[in-house]
Amino acid sequence: MKATVFLGGGRITSALVAGLRLAGHERPIVVHDRHSKKLQKLRRQHRVIVEEDLRRAVELADLLIVAVRPDSVRELLQEIREQHLRRRLTAVSLAAGIPLSKLQAALGLPVRWMRAMPSPVCRSGRGLTALTFGRGVSPAERATVRDLFASVGTVVEIPEKRFDAFTVTYSSSHGYHALAALVGAAEAIGLDRKTALVAAAHALADSIAGWRVSNLSLEKLLKEAATPGGIATAVMAALDKAGYRRIVKTGLCAGIRRARKNAER
Ligand SMILES: NC(=O)c1ccc[n+]([C@@H]2O[C@H](COP(=O)([O-])OP(=O)(O)OC[C@H]3O[C@@H](n4cnc5c(N)ncnc54)[C@H](OP(=O)(O)O)[C@@H]3O)[C@@H](O)[C@H]2O)c1
């Protein structure tokens, strides 16, 4: 049996496997993790094959997906290195910030590396994944990985030098964070929580869904939604004056610094 093998059975693996199952992905999926409880849960929920032994998990892989946290990657790859892999293997790292050069250096020539940046939204099949390919990855290997992620959402290919910028921009946490901030502010001015949640979720989600299906530019839609001299105009002007755009940029820059730290691990 040759399978898609996930090393790390945490949050993103769980979301990806759920999305793959939703898409009818029928290839065998193997998950390895050091926590057998997590493995059993994945087995029950998503019919994955679990493998507690790292060596055996890697042996089963024709596609290896590294899904441990960035600070665990070095140790994991060291353990794999000790297996003295001889056969060619395609590997995809989901680890934020860790460059292809480090991954390639860790395991040597038999492994052809790619990086992917999905989000847990892939659980619903409506995600987005950025891909970047290392040297020596064949067109067939690229197509296999592209197809895998395309089954859980949209795929974009970007050069590796833009990967950190993509990673900090494309996070579902932005939506949840903006929602939490808007709900909190709405409650502070007198809305009950339930109504605040409904109103804030519609304000954020419906406007973006509308922008997606319209042919109108963001600038046009912003003008349409805010009558000159009106309430929305006053709210946005006050937000901008208070540094809203600057603050968002500050947040993204903190993410870039964290990604660079990951690269040093
Ligand atoms: N979560 C997201 O939204 C998201 C999105 C895109 C990319 N990513 C990337 O995906 C990776 C995983 O993120 P996550 O949020 O899924 O992390 P997570 O929930 O912490 O899952 C990682 C799992 O791997 C296990 N693990 C670590 N080292 C191991 C080893 N040597 N052998 C076996 N198991 C090991 C961890 O166990 P311990 O807890 O004991 O370490 C944990 O169960 C990260 O590199 C992250 O940058 C995450």
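Residues numbered from 1 in each chain as written. Predicted model: local features only at pLDDT ≥ 70, side-chain atom pairs only at ≥ 80, totals over all residues. Heavy atoms only, no water.

## Regarding the sheet that holds strand β4 (residues 61-66)
Turning to step 1, where the next piece is worked out: Reading across the sheet, the 8 strands line up as β3-β2-β1-β4-β5-β6-β7-β8 and stay open at both edges, with mixed pairing between neighbours. Looking at the sheet topology across the chains shown, the edges are occupied by β3 (49-50) and β8 (153-157). (Pairing = 2+ DSSP bridges. Helix = DSSP H or I, 4+ residues; strand = E, 2+ residues; numbered from the N terminus.)

## Observations concerning the domain arrangement of the protein chain
Turning to step 1, where the next piece is worked out: Domain assignment breaks the protein chain into domain 1 (3-163) and domain 2 (172-263).
Turning to step 2, where the next piece is worked out: Here the C-alpha centre of domain 2 lies 33 Å away from the C-alpha centre of domain 1.
Turning to step 3, where the next piece is worked out: Taken together, the 9 residues of domain 1 in the interface contact 5 residues of domain 2.
Turning to step 4, where the next piece is worked out: A combined buried area of about 450 Å² lies between domain 1 and domain 2, and 51% of that area is made up of carbon and sulfur atoms.
Turning to step 5, where the next piece is worked out: Our count for the domain 1 to domain 2 interface comes out at 0 salt bridges.
Turning to step 6, where the next piece is worked out: Tallied by class, the residues present in the side of domain 1 that touches domain 2 amount to 6 nonpolar, 2 polar and 1 charged. (Domains from an automatic or database assignment. Contact = heavy atoms within 4.5 Å. Buried area = accessible area lost by both parts, 1.4 Å probe. Salt bridge = Lys/Arg side-chain N within 4 Å of Asp/Glu carboxyl O. Nonpolar A, V, L, I, M, F, W, Y, C, P; charged D, E, K, R; others polar.)

## A few points about the packing of aromatic side chains
Turning to step 1, where the next piece is worked out: Within this structure, the stated rule accounts for 1 aromatic pair.
Turning to step 2, where the next piece is worked out: Relative to Tyr170, the ring of Phe166 has its centre 5.4 Å away and its plane inclined at 45°; by these criteria the two rings are tilted. The same class applies to Phe166 as to Tyr170, namely buried. (Phe/Tyr/Trp six-rings, centres within 6.5 Å; stacked < 30°, edge-to-face > 60°. Buried < 20%, exposed > 50% of the residue type's maximum accessible area, 1.4 Å probe, protein only.)

## Section: the pattern of salt bridges
Turning to step 1, where the next piece is worked out: Under the defined criterion, the tally for this structure stands at 8 salt bridges.
Turning to step 2, where the next piece is worked out: Residue Asp62 is joined to Arg27 by a salt bridge in which the shortest nitrogen-to-oxygen separation is 2.6 Å. Here Arg27 lies in the loop between α1 (11-22) and β2 (29-32) and Asp62 lies in strand β4, a separation of 35 residues in the sequence.
Turning to step 3, where the next piece is worked out: In this structure, Arg245 engages Asp240 in a salt bridge whose closest nitrogen and oxygen atoms are separated by 3.2 Å.
Turning to step 4, where the next piece is worked out: A relative accessible area of 59% means that Arg245 is categorised as exposed.

## Notes on the site of the ligand
Turning to step 1, where the next piece is worked out: Close to the ligand lie 23 residues; Asp33, His35, Lys38, Val68 and Arg69 are nearest.
Turning to step 2, where the next piece is worked out: At a separation of 2.9 Å, an oxygen atom of the ligand approaches a polar backbone atom of Ile12.
Turning to step 3, where the next piece is worked out: When contributions to the shell around the ligand are tallied by element, the ones reaching two or more residues are α1 and α4 (70-81).
Turning to step 4, where the next piece is worked out: Sort the elements by how many residues they give to the shell around the ligand and α4 lands first, with 4 residues.
Turning to step 5, where the next piece is worked out: For the shell around the ligand, the class distribution of residues is 11 nonpolar, 6 polar and 6 charged. (Near = heavy atom within 4 Å. Polar contact = N/O pair within 3.5 Å; in protein donor to acceptor, adjacent residues only side chain to side chain.)

## Focus on the environment of Leu42
Turning to step 1, where the next piece is worked out: One can find Leu42 in helix α2 (residues 36-46).
Turning to step 2, where the next piece is worked out: Separated by 29 residues in sequence, Leu42 and Thr13 place their C-alpha atoms 9.1 Å apart.

## Concerning the packing of helix α8 (residues 172-188) against helix α9 (residues 193-213)
Turning to step 1, where the next piece is worked out: Across the interface, α8 lies against α9 with an axial gap of 9 Å and an inter-helix angle of 135°. In terms of axis orientation, α8 runs oblique to α9. Judged by the sense of rotation from one axis to the other, the crossing of α8 with α9 is right-handed. Contacts between α8 and α9 involve Gly175, Ala178, Leu179, Leu182, Val183, Ala186 and Glu187 from the former and Arg193, Ala196, Leu197, Ala200, Ala201, Ala203 and Leu204 from the latter.
Turning to step 2, where the next piece is worked out: Here the contact of α8 with α9 is built from residues that sort into 11 nonpolar, 1 polar and 2 charged. (Axes fitted to C-alpha atoms, helices over the stretch in contact; angles between N-to-C directions. Parallel < 35°, antiparallel > 145°, perpendicular 65-115°, else oblique. Left-handed = near helix turned anticlockwise from the far one by under 90°.)

## As for the pairing of β4
In summary, the side chains of a regular strand alternate between the two faces of the sheet.
Turning to step 1, where the next piece is worked out: With 5 of 6 residues buried, β4 is to be regarded as a mostly interior element.
Turning to step 2, where the next piece is worked out: Relative to β4, strand β1 (residues 3-7) is paired through 5 bridges, and the arrangement is parallel. In the sheet register, Leu7 faces β4, and the bridge partner there is Val66.
Turning to step 3, where the next piece is worked out: Two strands pair when backbone bridges link them, and β4 and strand β5 (residues 89-93) are joined in this way by 4 bridges, in the parallel orientation. Within the sheet, the bridge partner assigned to Leu63 lies in β5 and is Thr90.
Turning to step 4, where the next piece is worked out: As a crossover connection, the stretch from β4 through α4 into β5 is right-handed. (Right-handed = clockwise from strand over helix to strand, strands pointing away.)

## Focus: the pairing of β1
Turning to step 1, where the next piece is worked out: Among the 5 residues of β1, 5 are classified as buried, and the element is accordingly described as predominantly covered.
Turning to step 2, where the next piece is worked out: Sheet analysis places β1 next to β2, joined by 4 bridges and oriented parallel. Residue pairing for β2: Leu7 is matched across the bridge by His32.

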